Amino acid sequence: MNEYVSVLKKYAVFDGRAARKEFWMFTLISLLITIGLSIVDNILGWTGTLSGLYTLAVFIPTLAVSVRRLHDIGYSGWWLLLCLVPFIGALVILVFWVMDSQTGANKYGPSPKGAAPAAPVAPPPAPPAPPAA
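Please read these numbers as outputs of a predicted model, since none were measured by experiment.

Engineer: I'm lost on unusual backbone geometry in this one. Help?
Structural biologist: Most peptide bonds take the trans form, and the phi angle of most residues other than glycine is negative. Not every positive phi belongs to a glycine, and Phe-87 is a case in point at roughly 60°. Examined against the element boundaries, Phe-87 turns out to sit in the loop between helix 4 (59–72) and helix 5 (88–98). A relative accessible area of 64% means that Phe-87 is categorised as exposed.

Engineer: Please explain the layout of surface pockets as it appears in this structure.
Structural biologist: Which parts of space are left empty comes out when a probe the size of a water molecule is rolled across the atoms. Within this model, the largest pocket holds a volume of roughly 230 Å³. Together, 15 residues line the largest pocket, and Phe-26, Thr-27, Ser-30, Leu-31 and Thr-62 are the ones closest to its centre. Looking at the lining of the largest pocket, the elements that each hand over two or more residues are helix 2 (20–44), helix 3 (49–57) and helix 4. At 7 residues, helix 2 tops the list of elements feeding residues into the lining of the largest pocket.

Engineer: Help me understand the pattern of salt bridges, please; the structure alone is not making it clear to me.
Structural biologist: Two side chains bearing opposite charge may form a pair once their charged atoms approach each other closely. Going through the model one piece at a time under the given rule, you end up with 7 salt bridges. Taking the shortest distance from any N to any O, the salt bridge between Glu-22 and Arg-68 comes out at 3.6 Å. Taken together, the residues span a long stretch of sequence, with Glu-22 in helix 2 and Arg-68 in helix 4 at a distance of 46 residues. For the residue pair Glu-22 and Arg-68, the accessibility class agrees, reading buried in each case. If you follow the salt bridges from partner to partner, you end up with Lys-10, Glu-22 and Arg-68 in one network.

Engineer: When you look at the packing of helix 2 against helix 5 in this model, what are you seeing that I'm missing?
Structural biologist: How two helices sit against one another is set out by the angle between their axes and by the gap between those axes. Helix 5 packs onto helix 2 with a crossing angle of 125° between their chain directions and a minimal axis gap of 9 Å. When the interaxial angle is binned, helix 2 and helix 5 end up oblique. Facing Arg-20, Phe-23 and Trp-24 of helix 2, the residues of helix 5 in contact are Leu-94, Trp-97 and Val-98. Class assignment for the residues of the contact of helix 2 with helix 5 results in 5 nonpolar, no polar and 1 charged.

So, how was this worked out
- Residues numbered from 1 in each chain as written.
- Predicted model: local features only at pLDDT ≥ 70, side-chain atom pairs only at ≥ 80, totals over all residues.
- Heavy atoms only, no water.
- Helix = DSSP H or I, 4+ residues; strand = E, 2+ residues; numbered from the N terminus.
- Buried < 20%, exposed > 50% of the residue type's maximum accessible area, 1.4 Å probe, protein only.
- 1 Å grid on protein atoms, 1.4 Å probe; cavity = no way out; pocket = protein on both sides within 12 Å on 5 of 7 lines; lining within 4 Å.
- Points joined across faces, edges and corners; volume = space filled by probe spheres on them.
- Salt bridge = Lys/Arg side-chain N within 4 Å of Asp/Glu carboxyl O.
- Axes fitted to C-alpha atoms, helices over the stretch in contact; angles between N-to-C directions.
- Parallel < 35°, antiparallel > 145°, perpendicular 65-115°, else oblique.
- Contact = heavy atoms within 4.5 Å.
- Nonpolar A, V, L, I, M, F, W, Y, C, P; charged D, E, K, R; others polar.

See the structure below:
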């Protein structure tokens, strides 16, 4: 739930990076809210009024977190326009969203996962064997 709220707090922030967890938790919670509102719409006999208003309200945060997710893997947010290509474009964007973050900082900012892992340190060399007698 914290990821959902953090995306809403960054309502129209298109710069920076969004981790995979932040993106997918926001997407999951938004989907569940939309389904719940659609059920309420059907019970009340409305034709998608509540779910439509919710979708409209979260359109900009959804767009912003999508762009930040692309930044996290090192791609420009303009790649999101690939969704305009029927089927193939959306499939490519889905693959991008599933990819793991770039380690360390990239041109869009520091990694949301924290600092890059340190390079492994080689163990010190073994002491020389004693001379044979």
